[in-house]
Amino acid sequence: QVQLVESGGGLVQAGGSLRLSCAASGSRFANNDMAWYRQAPGKQREFVARITTGFTSNYADSVKGRFTISRDNAKNTVYLQMNSLNAEDTAVYYCNKGVIFSRGTFYPGNDWGQGTQVTVSS
């Protein structure tokens, strides 16, 4: 059974930075595309970023140029570096394993972490 554990969230002022981590247990981490999603209060969960097994990355337009996704297969960990944060980035951030891109949409896999809260104060 795959377990995903996020960390690194917290309270930060607008314009600041945070780095999220997601540690995955189990084997075959390197064989899966990984993604970050987020859910703000009262809103649906939305795609943030994806990194493929070949280290290609994709981003939602709202975070492009500010966020960077990366992975370390030796540590079974995926990261999300978030810079120039603003109040609209406030959300619970979730790690996802097995995301699939089809017809312009990123469909999440079945495995989710518990989420980590990011709060940006203005």
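Structure shown above.
As the structure is a prediction and not an experimental result, all values here were calculated from the model. (Residues numbered from 1 in each chain as written. Predicted model: local features only at pLDDT ≥ 70, side-chain atom pairs only at ≥ 80, totals over all residues. Heavy atoms only, no water.)

(A) Summary view of the packing of aromatic side chains. Overall, the coordinates contain 5 aromatic pairs when judged by the stated rule. For the pair Tyr37 and Trp112, a centre-to-centre distance of 5.2 Å together with 70 degrees between the ring planes defines the contact as edge-to-face. Here Tyr37 is found in strand 4 (residues 34-39), whereas its partner Trp112 is found in strand 12 (residues 111-112), with 75 residues between them in sequence. For Tyr37, a relative accessible area of 4% gives the class buried. Of the residues examined, Trp112 reaches a relative accessible area of 29% and is grouped as partly exposed. Through a chain of ring-to-ring contacts, the aromatic side chains of Tyr37, Phe47, Tyr94, Phe101, Phe106 and Trp112 assemble into a single cluster. We note Arg45 situated over the ring of Trp112; from NZ or CZ to the ring centre the distance is 4.4 Å. For Arg71, the ring lying beneath its charged end belongs to Phe29, and the centroid distance is 4.7 Å. (Phe/Tyr/Trp six-rings, centres within 6.5 Å; stacked < 30°, edge-to-face > 60°. Helix = DSSP H or I, 4+ residues; strand = E, 2+ residues; numbered from the N terminus. Buried < 20%, exposed > 50% of the residue type's maximum accessible area, 1.4 Å probe, protein only. Lys NZ or Arg CZ within 6 Å of the ring centre and 35° of its normal.)

(B) Local environment of the environment of Gln3. The topology assignment puts Gln3 in the segment before strand 1 (4-7). Separated by 94 residues in the primary sequence, Gln3 and Lys97 place their C-alpha atoms 9.7 Å from one another. Here Gln3 is in contact with Ala23, Ala24 and Ser25, once residues within four sequence places are set aside. (Contact = heavy atoms within 4.5 Å.)

(C) Local environment of unusual backbone geometry. The phi torsion at Asn76 lies on the positive side, around 50 degrees, for a residue other than glycine. Assignment of secondary structure puts Asn76 in the loop between strand 7 (67-72) and strand 8 (77-82). Backbone geometry places Arg103, a non-glycine residue, at a positive phi of 50 degrees. With respect to the helices and strands, Arg103 occurs in the loop between strand 10 (100-102) and strand 11 (105-107). In this structure Arg103 comes out as exposed when scored by relative accessible area, which is 85%.

(D) Representation of the pattern of salt bridges in the model. All told, the structure shown has 6 salt bridges when counted by the stated rule. The partner of Asp89 in a salt bridge is Arg38, with the nearest N and O atoms 2.9 Å apart. With Asp89 in the loop between strand 8 and strand 9 (91-97) and Arg38 in strand 4, this residue pair connects regions lying 51 residues apart in the sequence. Classification of Asp89 as buried rests on a relative accessible area of 1%. Across the pair Asp111 and Lys97 runs a salt bridge whose closest N-O atoms are separated by 3.6 Å. Residue Asp111 is found in strand 12, and its partner Lys97 is found in strand 9; the two are separated by 14 residues along the sequence. Using a relative accessible area of 25% as the deciding quantity, one classes Asp111 as partly exposed. Using a relative accessible area of 14% as the deciding quantity, one classes Lys97 as buried. Shared partners join several salt bridges into a network, and the residues in it are Arg38, Glu46, Arg66 and Asp89. (Salt bridge = Lys/Arg side-chain N within 4 Å of Asp/Glu carboxyl O.)

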